[in-house]
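Understanding the architecture of this molecule
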Amino acid sequence: MRFPVPLLVIYILRSFLLHLKSPAKINLFLKILHKRRDGYHELASLFQAVSLFDEIIFKSHDRDEFTCSHNEIPLNEENLIIKALELFRKKTKISFPLKIHLEKNIPHQAGLGGGSSNAATTLWALNALANFQLTEEELINLGSEIGSDVPFFLSHGSAFCTGRGEKIKEVNPIKSEEFYLIKPDIKLSTKEVYSYLSIDNFSQRNPEMDLKDILEGKSIYYNDLEDAAFSYEPKLREFKQYLIKIGFKTVLLSGSGSAFFCIGNGDLNQLDKDIWKSKVNFIYRNKNKWFN
Ligand code: C5P
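Residues numbered from 1 in each chain as written. Predicted model: local features only at pLDDT ≥ 70, side-chain atom pairs only at ≥ 80, totals over all residues. Heavy atoms only, no water.

**Describing the pairing of strand S7 (residues 179-183)**
In terms of burial, S7 is largely enclosed, as four of its five residues are buried. Here S7 pairs with strand S11 (residues 276-280) via five bridges, running antiparallel. Following the sheet pairing, Leu181 is matched in S11 by Ser278. Sheet topology note: the S7/strand S10 (residues 260-264) ladder contains three bridges and is antiparallel. Residue Leu181 lies in a different strand from S10, and its bridge partner there is Phe261. (Buried < 20%, exposed > 50% of the residue type's maximum accessible area, 1.4 Å probe, protein only. Helix = DSSP H or I, 4+ residues; strand = E, 2+ residues; numbered from the N terminus. Pairing = 2+ DSSP bridges.)

Okay, structure coming up:
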């Protein structure tokens with residue numbers, strides 16, 4: 001049931017505290033179809049939420065305040081959490097002061113969707129605090145104004161994404177394998193990686209067929225952005241080759257990188273101690289509940 005807005009205001013003026021997890025994603029496959037007139041690329045990709053999380057705490061407060069555990073993360077409108085907050089307020093005309101704290105665990109510029117996930121988590125939290133004034137579809141539309149990957153995080157965990165990534169089609173849960181995310185100390189800008197794309201390197205795959213095969217249990221992994229990222233930063237190719245050499249069977253760049261997801265029995269002792277890594281599996285959420 002939806003409360004009328006005056007009742008809602010009384011409801012939201014009560015003190016609240018919402019502590020939510022904000023998951024990372026990988027792209028099991030990512031096919032680039034073509035470059036569009038608006039500069040974006042039309043793609044078809046199977047996105048999957050994984051068990052690596054930032055944490056975001058939303059708390060009632062006497063004014064707006066935003067803090068983060070990492071000092072290199074911007075605290076202004078550049079941060080997608082602030083963008084989401086402003087957009088939600090503009091769209092709903094519902095505004096209540098709150099303190100937001102972001103505990104960052106998902107590496108930045110890694111192709112793991114951390115910023116997009118934070119934006120989606122914020123939209124979901126604000127909507128929950130506002131007694132679900134916006135429908136799921138309205139929330140997804142708001143998300144697509146923030147970034148191409150934001151709508152995916154409003155899905156239930158697995159989605160076939162098209163357009164510039166913002167058109168999501170939920171798919172049945174995919175059998176989870178345990179695997180590692182491993183990221184060298186290289187940061188990549190998504191925009192730059194896309195600018196290195198060359199049509200000659202696009203795979204000749206049929207993404208609809210690949211989706212069907214994966215849902216039937218086959219293992220299919222590819223990423224048309226990988227070669228572009230390797231041209232932009234050749235050290236990444238060497239890093240991938242090293243991960244294969246130490247025993248991983250499948251190694252693929254996630255999105256525009258620079259994190260790789262690695263399946264198989266790689267010998268992690270052969271990695272430098274300061275290389276970031278995390279063991280993860282696929283995750284899902286239930287309808288009307290957030291990821292946990
Ligand atoms: O949508 P988002 O802000 O995440 O995209 C960042 C940049 O990545 C865009 O400015 C664009 O250069 C590139 N991009 C693209 N095609 C897509 C998604 C992103 O070219 N489908």
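And the narrative resumes.
**Structural notes on the site of the ligand**
By nearness alone, every residue bordering the ligand is listed as Gly39, Tyr40, His41, Leu43, Gly147, Ser148, Arg164, Thr190, Lys191 and Tyr194. Contact between the ligand and His41: a nitrogen atom at 2.8 Å from a main-chain N or O atom of the residue. Within the side chain of Ser148, one N or O atom sits 2.5 Å away from an oxygen atom of the ligand. If the ligand stood free it would expose 450 Å²; the protein chains cover 78% of that surface. With three residues, the single largest contributor to the shell around the ligand is helix H5 (residues 190-195). (Near = heavy atom within 4 Å. Polar contact = N/O pair within 3.5 Å; in protein donor to acceptor, adjacent residues only side chain to side chain. Areas by Shrake-Rupley, 256 points an atom, 1.4 Å probe, with all protein chains shown as cover.)

**Examining the pattern of salt bridges**
Counted by the stated rule, this structure contains 14 salt bridges. The partner of Glu226 in a salt bridge is Lys240, and the shortest N-O contact between them spans 3.0 Å. Highlighted residues: Glu226 in helix H7 (residues 225-232) and Lys240 in helix H8 (residues 235-245), separated in sequence by 14 residues. The same class applies to Glu226 and to Lys240, which are both buried. Ionic contacts of the salt-bridge type, sharing partners, join the residues Asp62, Arg63, Glu65 and Lys99 into one network. (Salt bridge = Lys/Arg side-chain N within 4 Å of Asp/Glu carboxyl O.)

**Quick word on the packing of helix H3 (residues 114-129) against helix H4 (residues 136-146)**
As a packed pair, H3 and H4 sit with axes 10 Å apart at the nearest point and diverge in direction by 145°. For the pair H3 and H4, the sense of crossing is right-handed. Every residue of H4 that contacts H3 at Ala119, Leu123, Trp124 and Asn127 is listed here: Leu139, Leu142, Gly143 and Ile146. Residue composition of the contact of H3 with H4, grouped by class: six nonpolar, two polar and no charged. (Axes fitted to C-alpha atoms, helices over the stretch in contact; angles between N-to-C directions. Left-handed = near helix turned anticlockwise from the far one by under 90°. Contact = heavy atoms within 4.5 Å. Nonpolar A, V, L, I, M, F, W, Y, C, P; charged D, E, K, R; others polar.)

**A few points about helix H6 (residues 207-215)**
For H6, the full list of buried residues reads Pro207, Asp210, Leu211, Asp213 and Ile214. For H6, the angular spread of buried residues about the axis comes to 165°, placing them on one side. Looking at the buried residues of H6, the elements they touch are strand S1 (17-35), strand S2 (41-60), strand S5 (158-162), strand S6 (167-170) and strand S8 (222-223). Where H6 begins, one side-chain oxygen reaches toward the backbone nitrogen of Glu208, 3.1 Å away; that side chain belongs to Asn206. With its phi angle positive at about 110°, Gly217 sits one or two positions after the end of H6. (Arc of directions from axis to C-beta.)

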